[in-house]
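Structure at a glance
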Amino acid sequence: MKTVSMSGSLRANVGKKDAKALRNAGLVPCVIYGGNEQTHFSTPETSFKEIVFTPDVCFIEVDLNGKKYLTILQDIQYHKVSDSVLHADLFELHEDKPITLPVPVVYIGSSPGVLQGGKLVKSIRKVKVNALPKHMPETLTIDLSTLQIGDIVKISAIETNNFTIVDNANTTVCAVKTTRNVVADTPAEEKK
C-alpha cells in the first residue's frame, strides 16, 4: 500500500477561535483518533494534495514532533465556496487490527471479445477489502485477455491473498456485452 508522509504541529488549544486562526494561516486543523487518546494537530493545506486528488487509496504517516502515527483519511470537510480543506479526521492503524478499505479495480490486457466488436462494461470501480494494514493491496487486478463476448467477471473470481473481500461474491465487476458491430466468426469459405 502506498504511504504518504505528512508532518504537523500539535495544537495547544482546541476551539473555534483557534481553528479559525489556523485556517487564516493556511493550516488545517486535524485530529487522529482510534488509539488510546485523540491527538489534535495542524498541517499545511498542501499536505492533502497527494491524498485527496488521487483515485488511489493510501496510508498516511503523520510525524508530530518525532512521534509517528500510521493513519488513513476517515473524513474531510471542505469550504462550500472555495473548496479549501477546513478539517480532517484521521484514523490510527494498528498492525494487529484488520481494517476495511475500498480498493480500486485495475484492468489489464485486451479482451478478444472487445476486439471482435463487443463492449467492455465496467460495473464497479472499487471493492471493499478487509485486511491487516501490512496485507492491504494497493489495487485489485482483473485480466481481460481471456474474456469473450458474453463473459462476466464476478467478485468471486478475484484472487485474494492474505485479505478478504467484504462485497457480495456474486456482484459483477465487468462484462463483455454484444453490440451491433460484432464481427461474425464465420469461416472464409462461407463468406464466398
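Above this text is the structure in question.
Residues numbered from 1 in each chain as written. Predicted model: local features only at pLDDT ≥ 70, side-chain atom pairs only at ≥ 80, totals over all residues. Heavy atoms only, no water.

To continue, consider the overall build of the protein. The secondary structure content of the protein amounts to four helices and 13 strands. Taking 192 residues into account, the globule formula puts the C-alpha radius of gyration at 16 Å, and the protein, at 23 Å, lies well above it. In terms of overall dimensions, the protein has C-alpha extents of about 85 × 40 × 25 Å along its principal axes. Across the 192 residues of the protein, 33% fall into the buried class. In the protein, the proportion of contacts linking residues at least 24 apart, taken out of those at least 6 apart, comes to 66%. Accessible surface, the protein as shown: approximately 11900 Å² in total, 48% of it carbon and sulfur. (Helix = DSSP H or I, 4+ residues; strand = E, 2+ residues; numbered from the N terminus. Rg over C-alpha atoms; globule rule 2.2 N^0.38 Å. Buried < 20%, exposed > 50% of the residue type's maximum accessible area, 1.4 Å probe, protein only. Contact = heavy atoms within 4.5 Å. Areas by Shrake-Rupley, 256 points an atom, 1.4 Å probe, with all protein chains shown as cover.)

Now for the sheet that holds strand β8 (residues 119-122). The strands making up a sheet are joined through hydrogen bonds of the backbone, oriented either antiparallel or parallel. With respect to topology, three strands assemble into an open sheet ordered β8-β13-β11, the strand pairing being antiparallel. The outermost strands of the open sheet, each flanked by one partner alone, are β8 and β11 (152-154). Recorded for the sheet is a direction-independent mean angle of 10° between the axes of neighbouring strands. Looking at chain direction, β8 and strand β13 (residues 172-177) are connected through four bridges and run antiparallel. Bridge pairing in β13 places V121 opposite A175. (Pairing = 2+ DSSP bridges. Axes fitted to C-alpha atoms, helices over the stretch in contact; angles between N-to-C directions.)

Turning our attention to the sheet that holds strand β2 (residues 27-33). An order of β1-β3-β2-β6-β5-β4 is seen for the six strands of this closed barrel, with the pairing classed as mixed. With direction set aside, neighbouring strand axes in the sheet form an average angle of 45°. Bridge count between β2 and strand β3 (residues 39-44): six bridges; the pairing is antiparallel. Bridged to L27 within β3 is P44.

Everything listed here is a matter of geometry and, on its own, says nothing about what the molecule does.
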